[in-house]
Amino acid sequence: MSEARIPYALDPQGRRVDIYRAEHKLNYYTCIACGSFLDPRQGEVNIWYFAHVKLDPTSEECPLRTKEGLENLLQRFRISPVEESELKKQIRLVISPNPYIKTAKLYGILPVLRWENFADPTEVNDVLNSLIFHGIGIKSSLPARIFHPSEPEAKVELDPNADKYELTISTKYSKYESLDLIGNWKAKHISVNDVFSGESNRAERRGINTRVRTGDTLFIVLEEDFLMEIEGCENIVLGPWKILKFEVDDNHRELVNRFIGINADTDNFYVDIILPPPATPNSESPISGKPESEALIAVTPPQQKDPEFEIVSVPLGEENKILDRKGNGVPRIFCPRFPSEGSRRLSVHWGNEHRVINLHAENRMKSLYKPWMGDVELGLELITDGKITKFNPWSVEGAILIESEKVIENRINLNLIGPEELKIDVKGTFSEESEYRGIVHKWDTTLEEAESILDSWIKEDCNHIMLDYDSLGRIELDIQQPKPWQKKLSDREIERRLKNLDEIPKKARWSVVREVYGVPWGTSRDEVPDGAKKQVRRALMKLRRGNEG
Ligand SMILES: [Zn+2]
């Protein structure tokens, strides 16, 4: 009989150890099921595993010796921490900083209703209308629609002062009581040394055995501001708490060791979302994409390891795919599909560690929304004849039409609004006739600089301007430039053009004005600038005087 390939064992302290993190020690690790010794088999080529020591007579009985028994064990480890916390009705805590005012908000994350749970999709509204909420530590009243299955997750703002968080969700109809969402959801209050890890704009509270990876952003809860001046560290306020924020990298290794219980083990795997392009590569927040399109995801093992990664659905279901081994540290690629509606959650896991990806079928422009946006005034203010219209980069659809004439006449004013620190990129597309010709880029400009660039470009034959507000979105301007014949010509230019005609005309007729200004046939004479005819007449008189004298 071939040996069962057991990927986990217990160390002498009773902690679960994955074979790829195990040291090569004999008579050291023990079996999770029967307690007898397991030896690590860590060959050059094959998949690594633990095996029962052959001579141990007690190990004969072990359930892990059978395929079925081993499969039962593996199935337990396929459950992601996200699913585990949902099974236990734990609210996941997420911190979301506002980069401009150095404060953060605290959110509780709960799952939404799932389409699979309804035979008839029209029932969804019935359920939502039946929900009753009772909360402790929750900042505002909850609209039931945040639990709609088309949402990627339900986000509830929490009071960082609270001494506990509880959300009891019940329903008026007993037939819905078995839904996963119904019940008493809880989370522990915030306390000193809580660790949140994740991205710079969203990080989740982790347990004590958190593993951090290079590139993760950490948020440590403190009572006082962290006073040591270390580059790249920031102090942020969360209600009564001070939060120290920094990125896990070589410069901050000591800080990581100081605040996180375990060794700063950065020997971890990465799940990078390559497509769709707007997704943050390491994102744990929901990723929006076109319904039924494919995402492209790379799973990269640590440098000297070549484990087998599994992809499972959250909650655990039929999905169970193994990514082929490609060699030490070599990325594995897979292309899951976005669902047609709602969310599809997958977990990439290896041993105990899971990385959950939430693929969310996009609806409208919501994908760009960041929770702190509500607090920040940002965008473009368009003042037309005294009337103000505001455009936000994350909600504006299509290009805004601007007539350059009106800007020149000061009937339109453009103001850029936003925090002082904000930098934006400005891209202008110019006509071939203009001095700039083609596309001009100005990177990282301040709002003030961008405003004056905008003003001068609009006056200088620019046809299209794009304002890129970092990752928040864009505002596009389509600029209507006057046609060549609509621009006032100088007296000298009119003389030059008259001289170039086959024959200098005798009188300043409209046909002459049209010819001088290059007005196409069929265009109304109103399009020619005011006073053009007088100008032509004057120029003609001057030319004639010159010829006579
Ligand atoms: Zn055993």
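Residues numbered from 1 in each chain as written. Predicted model: local features only at pLDDT ≥ 70, side-chain atom pairs only at ≥ 80, totals over all residues.

Between its terminal C-alpha atoms helix α6 (residues 447–459) stretches 18 Å, which fits the 18 Å expected from 13 residues at 1.5 Å a residue. Buried within α6 we find Ala 450, Leu 454, Trp 457 and Ile 458. Down the axis of α6, the buried side of the element spans an arc of 95°, and every buried residue falls inside it. In α6, the exposed positions that point more than 90 degrees away from the buried face belong to Glu 448, Ser 452 and Ser 456. Looking at the residues trailing α6, positive phi occurs at Asp 461, about 70°. (Helix = DSSP H or I, 4+ residues; strand = E, 2+ residues; numbered from the N terminus. Expected span 1.5 Å × (residues − 1). Buried ≥ 20, exposed ≤ 12 C-beta atoms within 10 Å, placed from the backbone. Arc of directions from axis to C-beta.)

So, on to the confidence of the model for the protein chain. For the protein chain, mean pLDDT is 85; residues scoring 70 or higher make up 93% of the total. Mean pLDDT in the protein chain bottoms out at strand β2 (residues 16–18), which sits at 83, and peaks at strand β11 (residues 183–188), which reaches 97. (pLDDT = per-residue confidence, 0-100.)

Of the residues making up helix α8 (residues 510–517), those classed as buried are Val 513, Val 516 and Tyr 517. Down the axis, α8 shows its buried residues gathered within 90° of arc, on one side only. At the C-terminal side of α8, Gly 518 shows a positive phi close to 70°.

What follows concerns the nonpolar core. General note: in soluble globular proteins, nonpolar side chains tend to be found buried as a group. Within the largest apolar cluster, 38 residues are counted, with the highest numbers of intra-cluster contacts made by Ile 91, Ile 95, Leu 218, Phe 219 and Ile 243. In contact with Ile 91, not counting residues within four places along its chain, are Gly 108, Ile 109, Leu 110, Tyr 165, Leu 167, Trp 185, Lys 186 and Ala 187. (Core = buried A, V, L, I, M, F, W, Y, C linked by C-beta atoms within 7 Å. Contact = placed C-beta atoms within 7 Å.)

For a regular strand, the rule is simple: side chains alternate between the two faces of the sheet. Most of strand β6 (residues 92–98) sits inside the fold, with five of its seven residues counted as buried. As defined by bridge partners, β6 adjoins strand β7 (residues 103–110) across seven bridges and the pair is classed as antiparallel. Paired with Leu 93 across the two strands is Gly 108, which belongs to β7. The hairpin formed by β6 and β7 contains four residues between the paired strands, and Lys 102 there has a positive phi angle of roughly 55°. Pairing of β6 with strand β13 (residues 202–205) involves two bridges; the strand directions are antiparallel. What sits directly across from Ile 95, in β13, is Ala 203. (Pairing = 2+ DSSP bridges.)

Now for the sheet that holds strand β23 (residues 343–350). The strands that make up a sheet pair up through hydrogen bonds in the backbone, lying either parallel or antiparallel. One open sheet accounts for five strands, arranged β18-β24-β23-β20-β21; its pairing is mixed. With partners counted over all chains shown, the strands left at the sheet margins are β18 (287–289) and β21 (320–323), one partner each. On average, each strand axis in the sheet is inclined to that of its neighbour by 25°, with strand direction left out of account. Two strands pair when backbone bridges link them, and β23 and strand β24 (residues 353–361) are joined in this way by eight bridges, in the antiparallel orientation. Each bridged residue has a counterpart across the sheet, and for Arg 345 the counterpart in β24 is Asn 358. (Axes fitted to C-alpha atoms, helices over the stretch in contact; angles between N-to-C directions.)

Here we come to the sheet that holds strand β19 (residues 296–300). Strand order across the open sheet formed by three strands is β17-β19-β22, with antiparallel pairing between neighbours. Of all strands in the sheet, those with a lone pairing partner are β17 (270–275) and β22 (332–334), marking the two edges. Across this sheet, the average inter-strand angle for adjacent strands is 25°, counted without regard to direction. Looking at chain direction, β17 and β19 are connected through five bridges and run antiparallel.

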